[in-house]
Amino acid sequence: MKKICILLLALLSLGSLANGAEVVWFDGVRPVSYQVQGKSSPVVTIALDMFAGDMQLVTGQRAVSRKDGTIQIYQLDTNKGAVGKLRKLGVPIDSIAGRHDAFYVGVGRSSVLVVGSNGRGCAYGILELSRQAGVSPWVWWGDVRPERKARLVFNDANTTLQSPSVAYRGIFINDEDWSLRNWAWKHYEKTNQFGAMGPKTYKAVFQLLLRLRANAIWPGMHTGTPGFFTIKGNKEMADSCGILIGTSHCEPLLRNNVAEWDHDARGPYNYITNREQVQQYWIERLQQVKGSEEFFTIGMRGIHDGSMEGVKTKEEKLNGLQQVIDDQRELIRKYYSKDVERVPQVFIPYKEVLEILESGLRVPDDVTLMWCDDNYGYMTRLSDEEQQKRSGGGGVYYHLSYWGRPHDYMWLTTTQPGLIYSEMKAAYDHNCRKLWIVNVHDPKVAAYDLELFLDMAWNINSVQPQTIDRHLANWLCTQFGSEAGKRLFPAMKELYRLCGIRKPEFMGWTQVELSDRKAYPRGRSHVIDTEFTNEFDNELERYLSNYDHICLEVQEAERLVRPELKDAFFAHVKYPVLAARAMAVKMLEAQKARSKYQGQTDKAMEGREDYMLRSSARAIQAYREIQQLTNYYNDSLAGGKWKGIMNMMPRDLPVFNPPTVPYLPPADYQPGYGDYLSHPALPADAVARNACRYQSATEGVQAIQMLGHSMNAVSIPKGGEVVYEFTRELEGDAVLYTAMIPTQPNDKGDLRYQVTLDDQAPVVISLKEKYRSDFWKLSVLRGQALKQTPVKVRKGRHTLKVKALDDHIIFDQWMLDFKPGRKFYVIPVVN
């Protein structure tokens, strides 16, 4: 009887372990232990090494491999014989097996089970345990050191089953010249080969991708960067980390044309006149990567972001590109895999290629159609109803940094989270679920925006329109602790609002194609005033006051950060906030000084010298602050670990130069901080409101957090309407300003909305613009498409209706102004 009781107690104990009991996987004494059951892929070994290092940071001891380890690891596609055993342990095999990159982490009797559908899934599961132990994905790239733990426990609340929403997810390292490449070859790799980013650098990048649950990369390919496959060890490192290599729209079949096409040896890169040489060039790479898992770009453009050579007329372009694609398919079949329909391939209709696609180009059904944004975060096209049925599905190429017209943004990464959400969710809803690639010049600088993008690629439901705030707040708490993260959130949210009004890179009010390098040599700034004015109780000073406020908030939050997180805090918070503020101060204080000086006689200048001296000194001081911050980033941060990675003057554009001021203050002059006006004052001759402050709305209208100048712009579905009511005791002529997010139609149609004031006739307005039109340029630089509608207004109560006539209408703010012709930049909404 006694033996039976003991047996029953043992069975009950096992049952409780399998149904809610805790498994202690670190007890404060013995190191965390694991055991890999059966065969596994090299990426599992990579992940386990990362995990062991993570446990060193968390527990003080590296995790060790041990028979009967507390963590039991299974890779299903190489251990199908374990399926029966895992089923008995309660593992949801049917929800894992056969799914791409899926994993399960749960309790199995006295152990923690990690079960992956394949090698990458297994790796993600292992690194999920690192996350649960408090290790940030930015532990190395962001210097986010985790807190030490005396005990680690796993129970049913920690159980998780995950699989990706998007099959292939990753980054394009682009415009790397001034940041990542400079750091890599000079200081991290320490190689004598100019511009080389080798296996040491790419291992660090690949490990970050694994932590972010990504699986693909387009390697750096700018002029001066050697081709990825030409550097010994790069391909092998990608294979071992389970990362697929792909290439951009102008690099077919994994070839880096800028670095690898030898014109002297091979002749022109012209498929019409030099087909044999071009094919041989492609064949060499196909043979080199045979046996590896890759993602091939098909099609053809010029050497680097130019049109295909040898074709001029529309017919020639269509026939030439069709021949290229047909031939490339045969080359893949012959030299890489006979089952060409199962080889991941992508066609990217970028720039002039879109017109060729629409003129009748036949792209095989199994090939992914990858759509691009306009380089500023607004998707230009998405798959139509027929294209959504393709077996190859759709993809997205998105930008978080950009080199080009109307202006670069390759210094800080400040794309609004709400914009990323809105555009990526639309892409997903149009069946773009095969491949998502995001353009970054440096993953370290892009940290939060990059993680948001990849979180959505992994789990499209991880963020909702009204949980974007929470996503950022949680991210800050993960990096800096709960108390500091909560204190930081309002400041970082405000940074996104201020940068949504004007990115720091755009504060010069220039456009790169208009910059006269002879007129603006390096070391001297251009003299172009911003559009910030003294209207509405001085919007210029209010903008600076808002920056000062978040800087004070950051200083307060820094006191709550653990000492070992000071480097992380500087890189992720202090540098972007203080540098963005300094850029605003530099440009706007210089403008203030010039405005008091220009066109004034000596007599008129009397009494203004102190003002001009103070503003001039503040502008110069702000420029020096950017220099000091950048020098610290490169020379002192993390003991010099990031030397050369931060450049405060990418491409030496005029906006980054010292300010142009009427006075050069004495060296010992201390102007102090500005005492800026802090609150907008809406005059009696205007009515302004954020679009989210409506009185009524039709079904489907949805506000999106952290989007637009309002930080809560409203998405209105086709046919949907929002209604506003207000009272004004003024009458006469007025201008109705409607500020929309400058989206694109996403199809061949229009992008129209309708405004109706009281009983006046509805006015239809179109946002559709030709690519690179003047209005489009102004809109993407200010983050709003600002439209004007003349109206006649009577006294009393009014009703304003805004109705979407097409899809993708996102409404930000509106203003009724009884002072037509007023110059202003920011709609002065008082919440």
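Note on numbering: residues in each chain are counted from 1, in written sequence order. Totals for whole chains, interfaces and linings use every residue, but because this is a predicted model, local features are given only for residues with pLDDT of at least 70 and side-chain atom pairs only at 80 or more, for both listing and counting. To get the side-chain values, all heavy atoms of the structure are used, and hydrogens and water are removed first.

### A look at the overall build of the protein
Item 1. Put simply, DSSP marks the helices as runs of H or I at least four residues long and the strands as runs of E at least two long, and each gets a number from the N terminus on. In terms of helices and strands, the protein carries 21 helices and 27 strands.
Item 2. Radius of gyration here uses only the C-alpha atoms, and the compact-globule reference equals 2.2 Å multiplied by the residue count raised to the power 0.38. Against the compact-globule benchmark of 28 Å for 831 residues, the protein has a radius of gyration of 29 Å, which places it among compact chains.
Item 3. Taken along its principal axes, the extent of the C-alpha atoms in the protein is 100 × 75 × 60 Å.
Item 4. Buried residues in the protein amount to 61% of all 831 residues.
Item 5. Contacts are assigned to residue pairs with any non-hydrogen atoms lying within 4.5 Å of each other. Of the contacts formed within the protein by residues at least 6 apart in sequence, a portion of 77% connects residues at least 24 apart. Think of it in three bands: residues with accessible area under 20% of the maximum for their type are buried, residues over 50% are exposed, and the middle band is partly exposed, with areas taken using a 1.4 Å probe on protein chains only.

### Considerations on the sheet that holds strand β23 (residues 752-757)
Item 1. We treat two strands as partners when DSSP finds at least two bridges between them. With antiparallel pairing, the 5 strands of this open sheet are ordered in space as β18-β21-β26-β23-β24. Looking at strand neighbours, the two that pair on one side only are β18 (696-697) and β24 (763-766), the edges of this open sheet.
Item 2. Two elements, β18 and strand β21 (residues 721-728), share 2 bridges in a ladder whose sense is antiparallel. Along β21, the bridge assignment pairs A697 with V722.

### Remarks on unusual backbone geometry
Glycine aside, negative phi is the norm for most residues, and most peptide bonds take the trans geometry.
Item 1. A cis amide bond links R405 with the next residue in sequence, P406, at an omega value of 0°.
Item 2. Within the element layout of this structure, P406 appears in the loop between β15 (394-399) and α13 (417-429).
Item 3. With phi around 55°, K190 is a residue other than glycine that occupies positive phi space.
Item 4. Relative to the elements of secondary structure, K190 occurs in the loop between α5 (180-188) and α6 (199-211).

### Topic: the nonpolar core
The nonpolar side chains of soluble globular proteins are, as a tendency, buried together.
Item 1. Among the buried residues, those of types Ala, Val, Leu, Ile, Met, Phe, Trp, Tyr and Cys that are joined through side-chain atoms within 4.5 Å form a nonpolar core. One finds W25, F206, F347 and W436 to be the most contacted residues of the largest nonpolar core, which totals 206 residues.
Item 2. In this structure F206 touches I217, F228, N234, M237, A238, C241, I243 and I245, once residues within four positions along its chain are discounted.
Item 3. Counting 29 residues, the second-largest nonpolar core is a separate cluster that includes M740, Y753, I765 and V791.

### A word on the side chain of S401
Item 1. In this fold, S401 is placed in the loop between β15 and α13.
Item 2. The exposure class assigned to S401 is buried, which follows from its relative accessible area of 1%.
Item 3. Separated by 3.1 Å, the side chain of S401 and the backbone nitrogen of H441 make a polar contact. Distance and chemistry together define a polar contact, namely a pair of N or O atoms within 3.5 Å, with one atom able to donate a hydrogen and the other to accept it when in protein, and with adjacent residues in sequence counting only for side-chain atoms on both sides.

### Topic: the pairing of strand β20 (residues 712-716)
Item 1. Buried residues dominate β20, accounting for 4 of its 5 residues.
Item 2. Pairing analysis gives 4 bridges linking strand β19 (residues 702-705) to β20, with the strands arranged antiparallel. Bridging across to β20, Q702 finds its partner in S715.
Item 3. Hairpin connection, β19 to β20: the antiparallel pair is bridged by 6 residues, and M706 has positive phi, about 55°.

### Considerations on the environment of P226
Item 1. Looking at the secondary structure, you find P226 in the loop between β10 (216-218) and α7 (234-240).
Item 2. Residues P226 and F194, spaced 32 residues apart in sequence, show a C-alpha to C-alpha distance of 8.1 Å.

### Side note on the sheet that holds strand β5 (residues 103-108)
Item 1. A sheet is described by the order of its strands in space; here 6 strands give the open sequence β3-β2-β4-β6-β5-β8, paired in mixed fashion. Each end of this open sheet is capped by a strand with a single partner; those strands are β3 (64-65) and β8 (160-162).
Item 2. Pairing of strand β2 (residues 33-37) with strand β4 (residues 71-75), which is carried by 4 bridges, proceeds in the parallel orientation. Residue V36 lies in a different strand from β4, and its bridge partner there is I73.

### Comments concerning a negative patch on the surface
Item 1. Every patch collects residues that have over 30% relative accessible area and no salt bridge, joining them within 9 Å if they carry like charges and within 5 Å if they are nonpolar side chains (Val, Leu, Ile, Met, Phe, Trp, Tyr). Areas reported as accessible are Shrake-Rupley estimates using a 1.4 Å probe. Residue values count occlusion only from the protein chains shown. Salt bridge, as used here, is a side-chain nitrogen of Lys or Arg placed within 4 Å of a carboxyl oxygen of Asp or Glu. Counted as positive: Lys and Arg. Counted as negative: Asp and Glu, with His and the chain ends omitted from the count. We put the charge of a Lys on NZ, of an Arg on CZ, of an Asp on CG and of a Glu on CD. On the surface, D384, E385, D747 and D807 cluster together to form a negatively charged patch.
Item 2. Classification of D807 by relative accessible area gives partly exposed; the value is 45%.

### Comments concerning the confidence of the model for the protein
Item 1. Per-residue confidence for the protein gives a mean pLDDT of 93, with 94% of residues at or over 70.
Item 2. Confidence of the predictor in every single residue is expressed as pLDDT, which spans 0 to 100. For the stretch residues 1-19, pLDDT sits under 50, and the model shows 8 contacts to residues farther than four places along the chain or on other chains.

### Describing helix α21 (residues 774-782)
Item 1. Of all the residues in α21, the buried ones are W776, K777, S779, V780, L781 and R782.
Item 2. At its buried positions, α21 is contacted by α16 (482-501) and β25 (785-793).
Item 3. Of the residues trailing α21, G783 is marked for its positive phi of about 75°.

### So, the environment of F26
Item 1. Topologically, F26 is positioned in strand β1 (residues 23-26).
Item 2. The exposure class assigned to F26 is buried, which follows from its relative accessible area of 2%.
Item 3. With near-sequence residues (within four places) excluded, F26 lies in contact with V32, T59, Q61, K149, A150, R151 and L152.

### What to know about the packing of helix α2 (residues 42-59) against helix α4 (residues 119-132)
Item 1. Inter-axis angles, ranging from 0 to 180 degrees, are taken between N-to-C directions of lines fitted to C-alpha atoms, where helices are fitted over the stretch in contact. For the pair α2 and α4, interaxial distance at closest approach is 8 Å and the crossing angle is 5°. The angle between α2 and α4 places the two elements in the roughly parallel class. Counted together, V43, V44, A47, L48, M50, F51, D54 and M55 of α2 and G119, R120, C122, A123, I126, L127, L129 and S130 of α4 form the full contact between these two elements.
Item 2. Considered class by class, the residues forming the contact of α2 with α4 number 12 nonpolar, 2 polar and 2 charged. Here the word oblique covers every angle except those under 35 degrees (roughly parallel), over 145 (roughly antiparallel) and from 65 to 115 (roughly perpendicular). Ten residue types, Ala, Val, Leu, Ile, Met, Phe, Trp, Tyr, Cys and Pro, are classed as nonpolar, four, Asp, Glu, Lys and Arg, as charged, and the remainder, Gly among them, as polar.

### Remarks on the side chain of R329
Item 1. Topologically, R329 is positioned in helix α11 (residues 314-335).
Item 2. For R329, a relative accessible area of 9% translates into the label buried.
Item 3. One polar contact links R329 to D366, side chain to side chain, over a distance of 2.7 Å.

### Examining the environment of Q56
Item 1. You can see Q56 is positioned in helix α2.
Item 2. With relative accessibility at 34%, the residue Q56 sits in the partly exposed group.
Item 3. As for Q56 and E284, which are separated by 228 residues in sequence, their C-alpha atoms are 44 Å apart.
Item 4. Once residues within four sequence positions are removed from consideration, Q56 is found in contact with Q61 and R62.
Item 5. At a separation of 3.3 Å, a polar atom in the side chain of Q56 contacts the main-chain amide nitrogen of R62.

### Overview of the packing of α13 against helix α14 (residues 447-458)
The angle between the axes and the distance between the axes are what describe a pair of packed helices.
Item 1. The geometry of α13 relative to α14 is characterised by a closest axis approach of 10 Å and an angle of 25° between their N-to-C directions. By the criterion of interaxial angle, the relationship of α13 to α14 is roughly parallel. Remark: the crossing between α13 and α14 carries right-handed chirality. On α14, the residues touching P417, I420, Y421, M424 and K425 of α13 are Y448, D449, L452, F453 and M456.
Item 2. Broken down by class, the residue content of the contact of α13 with α14 amounts to 8 nonpolar, no polar and 2 charged. Whether a crossing is left-handed or right-handed is set by the direction in which the near helix is turned from the far one by less than a right angle, anticlockwise for left-handed and clockwise for right-handed.

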